[in-house]
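Structural overview
Letter by letter, the chains look like this.
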Amino acid sequence: MKMFFYLEGAYLILAFIILAITLFVTTRPFMSKDAPKKGLSVVAVLLALFIGAHYYITLQRMQKVKEAFLQGRAILCENRLYTKGAQFVTIKKEYGFFLKNDFFYSKAYTRPFFAARCIVE
């Protein structure tokens, strides 16, 4: 559950904002009396489906990245430390990287690389 909130926290905040906007719009005088119930129901279900799908896809990609790393394949990760130069860092075991939980570590980099922000090359 901690991973869900870590990966989807920003999307959950946006979903609550969208639900608040939906509530505001559906309670205007020109809307029907059952508009808030219908509007919030439809929007909440759609947002839940989208967030759930994004979480599932992200977990599947993370699993593929970790498996590929353990097999010795190259992984491309977002380089958030040096944004002016290369946007991606190639990660391989032979380059001195190791996997701990969901993060790739190396002595050459001060920050770890999160597997959710990586793809298999």
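Keep in mind that what you see is a predicted model, and the values were worked out from it rather than measured.

Rules used throughout
Residue positions are given per chain, counting from 1 as you read along its sequence in written order. With pLDDT at 70 or above as the cut-off, local features in this predicted model cover only qualifying residues; side-chain atom pairs require 80 or more to be listed or tallied, and sums for whole chains, interfaces and linings still use all residues. Derived side-chain values reflect all non-hydrogen atoms in the structure, with water molecules and hydrogen atoms excluded from consideration. In what follows, salt bridge is the name for a side-chain nitrogen of Lys or Arg lying within 4 Å of a carboxyl oxygen of Asp or Glu. Per the convention used, a helix needs a DSSP run of H or I reaching at least four residues, while a strand needs a run of E reaching at least two, with both numbered from the N terminus. Think of it in three bands: with a 1.4 Å probe and only protein chains considered, a residue is buried below 20% of the maximum accessible area for its type, exposed above 50%, and partly exposed in between. What counts as a disulfide here is a pair of cysteine sulfur atoms lying within 2.5 Å.

**Here's the deal with the pattern of salt bridges**
All told, the structure shown has 3 salt bridges when counted by the stated rule. Between Lys 66 and Asp 102 there is a salt bridge, and its shortest N-O distance comes to 2.7 Å. Taken together, the residues Lys 66 in helix α2 (residues 35–70) and Asp 102 in the loop between β3 (98–100) and β4 (103–105) connect sequence positions 36 residues apart. Given the relative accessible area of 18%, Lys 66 is considered buried. Between Glu 94 and Lys 92 there is a salt bridge; the shortest N-O distance is 3.8 Å.

**Some remarks on unusual backbone geometry**
Phi is positive for Asn 101, which is not a glycine, with a value near 60°. Mapped onto the elements, Asn 101 comes out in the loop between β3 and β4.

**So, the state of the cysteines**
Taken as a whole and judged by the stated rule, the model has 1 disulfide. The partner cysteine of Cys 77 in its disulfide is Cys 118, sulfur to sulfur 1.8 Å. Note on the Cys 77 and Cys 118 pair: the S-S dihedral is about 105°, so by sign convention the disulfide is right-handed. Placement of the pair is Cys 77 in strand β1 (residues 75–78) and Cys 118 in strand β6 (residues 118–120), with a sequence separation of 41 residues. This pair shows no difference in class: Cys 77 is buried, exactly as Cys 118 is.

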